[in-house]
Amino acid sequence: MTDKTFYIETFGCQMNAHDSEKVIGTLVHSGYTQVESAESAELVVYNTCSIRDKAEQKVFHRLDQFKRAAGKGKVFAVIGCVAQQEGERIFEKAPHVSLVAGSASYTKLPEMLVQLEAGARRVTGLSLDTEETFDTPFTRRDNPHRAYITIIEGCDKSCAYCVVPFTRGPERSRTSESVMREATELAQAGYTDVQLLGQNVNSYRDPSPAGWDFATLLDRVGRIPGIRRVRFTTSHPRDFVKEIIDAIDDNPALCNHVHLPVQSGSSRVLSRMQRLYTRDEYMRRIEWMKNARRNIAITTDIIVGFPGETEQDFQATLDLLEQVEYDSLFSFKYSPRPNTAALAMEDKVSEEEKTRRIMIVNEKQRAIQIRRNSELIGTIEEVMVEGRNEALGQWIGRTSQNRTLNFTRLDSDGESLTGKYVPVRVTRAGPNSLVGEGVMSVV
Ligand code: 5AD
Ligand code: SF4
């Protein structure tokens, strides 16, 4: 490699998006320049996701497109969850790949790059046996106002459908000191909005003698001068404690939004999924939020068609949606994944039936969202401005509850509001967003 240019494409969740920011920083520090197309890059990196089969197939489609580029000086790297899951099999499926590395090996990225540059054809980083987290001072952040901070990597749960414990390895928490240092530096650099990341942030446990739990860390990050919004993702109901809600109630910088994936409304299915909670236990957590002083938005993930899910189980999920009235949700058809316990389960639900069920879920949720969003008409919400939609002549804003609220402001005279916090009166509501008018001056 002479030019040392790279192109990276990222699939999957926010953990992956943030891993890519760290990988980009590491590559730039190693002398590489990022380019905008795979065609013009010497090194092509795919940061992959294997949560569902569809996500996994994407990387193989991409690699297929470049089969003929092999041997013409282009080097391909597959990193992330598909890399960890498939390991050396990737070299068989796509012989033009030279580097396969899972996220637990990213601390070794500089060494692996040196091997690639020396012409090695098969470089791997596949060990999950690590105590380390991938902390780098070189993170290239995509957004100048909002920043991700990893607080815990890996997952120690064993949900019957999920690849993550196999692709991201065991839980490793960062010390509270290093998280606080990163958050303070971000605030000093002008970031006002931070998102704490982990596969299960609720099981965060400070490995240093301070021994902070998640609720303490969350509160402390929210008290750093300059930080105006703190979000966190993702949570596991089993480890979600009341102290988290108390922290939100007591600290206005903590966003009034909790994403609490339920997966199913049937305790029978939850038990088969090895989720470690019943519907009633989940509902207790929902009650904490509904009884909080702040108006906390609640969102979730739903899987339909898990093996053995009967019509009655499915109805229990629909009933749960009605009971909780989520502000938003992500719905998924169950997708069988390698290594997982559910793979061997009987009573598969047909593809056709999964499609029917997901459509019913989405239809029901759409009606709930229209209802909930229209309740906000006439209220004033503070938004963080994320950008501008020139075609509509609107600013794009996000509320603390994580709703998109697009708005017009007559007095903004070409001044950019991006990154600012602005009060907006809600005038219209749709199922997925709100529209409003800016009021008063910029805060
Ligand atoms: N099939 C379908 N959905 C899945 N999820 C995780 N694994 C699977 C799978 N095998 C969903 C869960 C999780 C979200 C990130 O993806 O709902 O919360
Ligand atoms: Fe995809 Fe899960 Fe890996 Fe994120 S952790 S990239 S969602 S498989």
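Residues numbered from 1 in each chain as written. Chains lettered and ligands numbered in written order. Predicted model: local features only at pLDDT ≥ 70, side-chain atom pairs only at ≥ 80, totals over all residues. Heavy atoms only, no water.

Engineer: Honestly, the overall build of the protein in this entry has me stumped. Any pointers?
Structural biologist: Each helix and strand counted, the protein has 13 helices and 19 strands in total. Against the 2.2 N^0.38 benchmark of 22 Å for 443 residues, the protein shows a C-alpha radius of gyration of 23 Å, consistent with a compact globule. With respect to the three principal axes, the spread of C-alpha positions in the protein is 65 × 60 × 50 Å. For the protein, buried positions account for 57% of its 443 residues. Expressed as a percentage of contacts within the protein between residues at least 6 apart in sequence, the contacts between residues at least 24 apart total 73%. Carbon and sulfur atoms provide 49% of the accessible area of the protein, an area that totals close to 19300 Å². (Helix = DSSP H or I, 4+ residues; strand = E, 2+ residues; numbered from the N terminus. Rg over C-alpha atoms; globule rule 2.2 N^0.38 Å. Buried < 20%, exposed > 50% of the residue type's maximum accessible area, 1.4 Å probe, protein only. Contact = heavy atoms within 4.5 Å. Areas by Shrake-Rupley, 256 points an atom, 1.4 Å probe, with all protein chains shown as cover.)

Engineer: Honestly, the site of ligand 1 in this entry has me stumped. Any pointers?
Structural biologist: The environment of ligand 1 is made up of Ile 51, Arg 52, Tyr 161, Gln 263, Asp 301, Ile 303, Phe 332, Lys 333, Tyr 334, Ser 335 and Arg 337. At 3.0 Å from a nitrogen atom of ligand 1 is found a main-chain nitrogen or oxygen belonging to Tyr 161. Measuring from an oxygen atom of ligand 1, one finds a side-chain N or O atom of Gln 263 at 2.7 Å. Taking 400 Å² as the accessible area of ligand 1 by itself, protein coverage stands at 86%. Broken down by secondary-structure element, the contributors of at least two residues to the shell around ligand 1 are strand E13 (297-304) and strand E14 (328-333). Within the shell around ligand 1, the residues separate by chemical class into five nonpolar, two polar and four charged. (Near = heavy atom within 4 Å. Polar contact = N/O pair within 3.5 Å; in protein donor to acceptor, adjacent residues only side chain to side chain. Nonpolar A, V, L, I, M, F, W, Y, C, P; charged D, E, K, R; others polar.)

Engineer: Whenever I open this one, the site of ligand 2 confuses me. Can you help?
Structural biologist: Taken together, Cys 13, Asn 16, Thr 48, Cys 49, Ser 50, Ile 51, Cys 81, Val 164, Arg 168 and Gln 199 make up the full set of residues adjacent to ligand 2. Its residues assigned to classes, the shell around ligand 2 comprises five nonpolar, four polar and one charged.

Engineer: Looking at this model, I keep getting lost on unusual backbone geometry. Mind explaining?
Structural biologist: The general pattern is negative phi for most residues beyond glycine and trans for most peptide bonds. For the bond from Thr 233 to Thr 234, the omega torsion is 5°, close enough to zero to count as cis. In this structure, Thr 234 sits in the loop between strand E11 (229-233) and helix H9 (242-250). Phi is positive for Gln 263, close to 75°, though the residue is something other than glycine. Note that Gln 263 resides in the loop between strand E12 (257-259) and helix H10 (267-272). Phi at Glu 325 is positive, roughly 55°, even though this residue is not glycine. Positionally, Glu 325 belongs in the loop between helix H12 (311-324) and E14.

Engineer: Is there a simple way to explain the packing of aromatic side chains in this structure?
Structural biologist: Two measures describe an aromatic ring pair: the distance that separates the ring centres and the angle between the ring planes. A full pass over the atoms with the stated rule returns seven aromatic pairs. Note on Phe 6 and Tyr 32: the rings are 6.5 Å apart at their centroids and 75° apart in plane angle, and the pair reads as edge-to-face. A residue pair is termed long-range when its members are at least 10 positions apart, and Phe 6 in strand E1 (residues 5-10) and Tyr 32 in the loop between helix H1 (14-29) and strand E2 (33-34) qualify at 26 residues. The exposure classification of Phe 6 matches that of Tyr 32, with both residues buried. Relative to Phe 306, the ring of Tyr 161 lies with its centre 6.4 Å away and its plane at 85°, an arrangement referred to as edge-to-face. Here Phe 306 lies in the loop between E13 and H12 and Tyr 161 lies in the loop between strand E8 (152-153) and helix H6 (164-168), a separation of 145 residues in the sequence. (Phe/Tyr/Trp six-rings, centres within 6.5 Å; stacked < 30°, edge-to-face > 60°.)

Engineer: Teacher, can you tell me more about the pairing of E14 here?
Structural biologist: Along any regular strand, the residues point their side chains to alternate faces of the sheet. With six bridges connecting them, E13 and E14 associate as parallel partners. Within E14, the residue paired with Val 304 across the bridge is Lys 333. Handedness of the crossover joining E13 and E14 through H12 is recorded here as right-handed. (Pairing = 2+ DSSP bridges. Right-handed = clockwise from strand over helix to strand, strands pointing away.)

Engineer: Honestly, the sheet that holds E11 in this entry has me stumped. Any pointers?
Structural biologist: Backbone-to-backbone hydrogen bonds join strands into a sheet, with any given pair of strands oriented parallel or antiparallel. The strand order E7-E10-E11 describes an open sheet built from three strands, whose pairing is parallel. Strands with a single pairing partner mark the edges of an open sheet, and in this sheet they are strand E7 (146-150) and E11. Adjacent strand axes in the sheet meet at a mean angle of 25°, parallel and antiparallel pairs treated alike. Pairing of strand E10 (residues 193-197) with E11 involves five bridges; the strand directions are parallel. Its bridge partner being in E11, Leu 197 is matched across the sheet by Thr 233. Helix-sheet contacts for helix H8 (residues 214-222) involve E10 and E11, and the interaxial angle to E11 is about 150°. (Axes fitted to C-alpha atoms, helices over the stretch in contact; angles between N-to-C directions.)

Engineer: Help me out: how do you make sense of the packing of H12 against helix H13 (residues 351-374) in this one?
Structural biologist: When two helices pack together, their arrangement is captured by the angle between the axes and the distance separating the axes. The interhelical angle for the contact between H12 and H13, taken along N-to-C directions, is 15°, at an axis separation of 10 Å. Classed by the angle they form, the pair H12 and H13 counts as roughly parallel. Crossing of H12 over H13 shows right-handed handedness. Side by side, H12 and H13 meet where Glu 311, Phe 314, Leu 318, Leu 321 and Glu 322 of the first sit next to Glu 353, Arg 356, Arg 357, Ile 360, Val 361, Lys 364, Gln 365, Ile 368 and Arg 371 of the second. Of the residues belonging to the contact of H12 with H13, the class tally is six nonpolar, one polar and seven charged. (Parallel < 35°, antiparallel > 145°, perpendicular 65-115°, else oblique. Left-handed = near helix turned anticlockwise from the far one by under 90°.)

Engineer: Please clarify how the nonpolar core should be interpreted in this entry.
Structural biologist: Across soluble globular proteins, nonpolar side chains have a tendency to be buried as a group. Judged by nonpolar contacts, the single largest core of 54 residues is most densely connected at Ile 151, Leu 196, Phe 214, Val 221, Phe 232 and Met 289. Excluding residues that lie within four positions of it along the chain, Phe 214 makes contacts with Ile 151, Leu 196, Val 201, Asn 202, Tyr 204, Phe 232 and Ile 244. Core analysis: the second largest hydrophobic core is formed by 22 residues, Ala 38, Phe 66, Val 82 and Ala 83 among them. (Core = buried A, V, L, I, M, F, W, Y, C linked by side-chain atoms within 4.5 Å.)

Engineer: Would you mind showing me how to read the environment of Leu 260 here?
Structural biologist: Looking at where Leu 260 falls in the secondary structure, it is placed in the loop between E12 and H10. Classification of Leu 260 by relative accessible area gives buried; the value is 0%. Through-space distance from the C-alpha of Leu 260 to that of Phe 240 is 8.6 Å; in sequence the pair is 20 residues apart. If sequence neighbours within four positions are ignored, Leu 260 has contacts with Ser 235, His 236, Pro 237, Phe 240, Tyr 282, Arg 285, Met 289, Thr 299 and Thr 300.

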